[in-house]
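# What the coordinates show
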Amino acid sequence: MTIRAVPTGIGHYLPDRVVPNSEFEDTLDTSDEWIRSRSGIERRHFAAEDETTSQMAVKAAERALAMAELKADDIDAVIVATSTPDLTFPSVGTMVQQGLGMTRGFAYDVQAVCAGFVFALANANGMILSGQAERVLVIGAETFSRIMDWEDRATCVLFGDGAGALVLEARTGTGHSDDRGILSVDLNSDGQYRDMLFVDGGVSSTGTSGKLRMQGNALFRQAVEKLASTANAALGKANLGHDDVDWIVPHQANIRIIQGTAKKLNVSMDKVIVTVQDHGNTSAASIPLALSVGVSEGKITPGDLLVAEAIGGGLAWGAVVIRW
Ligand code: UT7
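Residues numbered from 1 in each chain as written. Predicted model: local features only at pLDDT ≥ 70, side-chain atom pairs only at ≥ 80, totals over all residues. Heavy atoms only, no water.

Moving on to the packing of helix α2 (residues 53-68) against helix α3 (residues 92-100). Remark: α2 packs on α3, axes separated minimally by 9 Å, with the N-to-C direction vectors making an angle of 55°. Our classification of the angle between α2 and α3 gives oblique. Taken as a pair, α2 and α3 cross one another with a handedness that is right-handed. Of the residues in α3, those touching α2 at Thr53, Ser54, Ala57, Val58, Ala61, Glu62 and Leu65 are Val92, Met95, Val96, Gly99 and Leu100. Along the lines of polarity and charge, the residues of the contact of α2 with α3 split into eight nonpolar, three polar and one charged. (Axes fitted to C-alpha atoms, helices over the stretch in contact; angles between N-to-C directions. Helix = DSSP H or I, 4+ residues; strand = E, 2+ residues; numbered from the N terminus. Parallel < 35°, antiparallel > 145°, perpendicular 65-115°, else oblique. Left-handed = near helix turned anticlockwise from the far one by under 90°. Contact = heavy atoms within 4.5 Å. Nonpolar A, V, L, I, M, F, W, Y, C, P; charged D, E, K, R; others polar.)

If you want it as C-alpha cells, here you go:
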C-alpha cells in the first residue's frame, strides 16, 4: 500500500483591477508591442491599495475547499508560498487560518520566490506521506505590485498579483505511475545566482521591504535550461517520459521561456497551460492560478498527467509530476 497526496480541490482569486500594457505607455518609455513580443504579457491584475496577500489567499482557499467539499476544520495544515507577506511575521499561513475560521491544525509559509509553489507542494507531499497531515491546503499568493520600482521599465511591466490554492488529501495508491496524486518531485537551488533576481531591502539589512531587481536576459538563459532539466528529472523519478505528459503547467514568467522549455522537453504547445497573457508573472501564485484556470476551462481532467515547473530568485527551481 502506498499513500499518495491527491488533488481534490483547486481555486483562484484575482484582484478586480486589470491593467493593460497600454497603461504603462503614459509613464514609461515602453509599448504594448514591446511587452507583448518580449514576454507574451497583455495585462495583469493589481491588488487594491487595502488588499493584502492573506486576503487574496483566503478567497482562493475558500474556492478550493468548496470544490473539495471540505470545511476549514477538515484541513490539517496550511502551507502558503509567498515572498510578499502582509507583515514580516506572523506567517500569511496563520492569517489564512484565521480568515478561514480554522481552529485546529497548523500553518506556515514557504519562501522560494517564483518556485515557491513547487517547494510548498513538495513540503505538503512530505507531510502527507509521513502521516503528519491527511489534508493540506497549499496556496501560492503574491502582491508583487508592492515591490515594483515603477521607474524600472525592465521589471515593472512584467509582474502581477493574485492567489491560487490546492487541496491535497491522503489516498491509498498502488505505488505505480497510474496512481492519482503527486508522483515525484525534483527541487534545486544555487545561491551563487543571487544577483540575477533579488529584492534590494529586508529586515536585517536595510530595514525596508525593498524593490525587485532582475538581470532579465541572464536569467532567461538560465531558465530554459534549468526548467527543462528539472522537469526531465522529475519525470525520470516517476519512471515516465515526455510522451506520457498530458499538460505542462509552467511558471508563467515569459511566453518565450514557456515555449523554449516545452520544445526542449519535446512536448507540443497544445499541451501547455498558458495564462501569462492575462496574469503576467505572479511569482508563487502563477502555477496554482494556471492549474485553476486549466481545470475551470475543462482542459485538465481527472487522470491527466501534469508536470508543474518553476524557477525564480535564489536561484531556486524545481518540478512536480502530478496525476490529476
Ligand atoms: O519569475 C522569475 C523568472 N523570471 C524570468 O525568468 C524572467 C526572465 N527574463 C525575461 O523574461 C526577459 O529577459 C525580459 C522579458 C525581462 C526581457 O526580454 P529580453 O529579450 O531579454 O530583453 P533585454 O533585457 O535583452 O532588453 C532588450 C532591450 C534593451 O534595450 P537595448 O539595451 O537593447 O537598447 C532594454 O533596455 O529592451 C529594452 N527594454 C525595454 N524596452 C521597452 C527593457 N525593458 C523594456 C520595456 N519597454 N519595458
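Here we come to the domain arrangement of the chain. The accessible area lost on association of the parts is a frequent measure of interface size. Structurally, the chain comprises domain 1 (2-173) and domain 2 (181-323). Interface area for domain 1 against domain 2, summed over the two sides, is near 3,800 Å², with a carbon-plus-sulfur share of 68%. Considering only the side of domain 1, the residues that lose the most area to domain 2 are Cys114, Val118 and Ile147, jointly responsible for 16% of the buried surface there. Taken together, the links from domain 1 to domain 2 amount to two salt bridges. In this structure, Arg213 and Asp149 form a salt bridge, with 2.9 Å as the shortest nitrogen-oxygen distance. At the boundary of domain 1 and domain 2, one finds 16 residue pairs in polar contact (both at pLDDT 80 or more). (Domains from an automatic or database assignment. Buried area = accessible area lost by both parts, 1.4 Å probe. Salt bridge = Lys/Arg side-chain N within 4 Å of Asp/Glu carboxyl O. Polar contact = N/O pair within 3.5 Å; in protein donor to acceptor, adjacent residues only side chain to side chain.)

The next point concerns the nonpolar core. Within the largest apolar cluster, 48 residues are counted, with the highest numbers of intra-cluster contacts made by Phe24 and Val321. Elements with a minimum of two residues in this core: α6 (216-237), α7 (255-265), β12 (305-312) and β13 (316-323). In terms of residue count, α6 provides more of this core than any other element does, nine residues in total. If you count residues domain by domain, this core takes at least three from each of domain 1 (2-173) and domain 2 (181-323). Ranked by size, the runner-up nonpolar core spans 40 residues in total, among them Ala77, Ile287, Val295 and Val320. (Core = buried A, V, L, I, M, F, W, Y, C linked by side-chain atoms within 4.5 Å. Buried < 20%, exposed > 50% of the residue type's maximum accessible area, 1.4 Å probe, protein only.)

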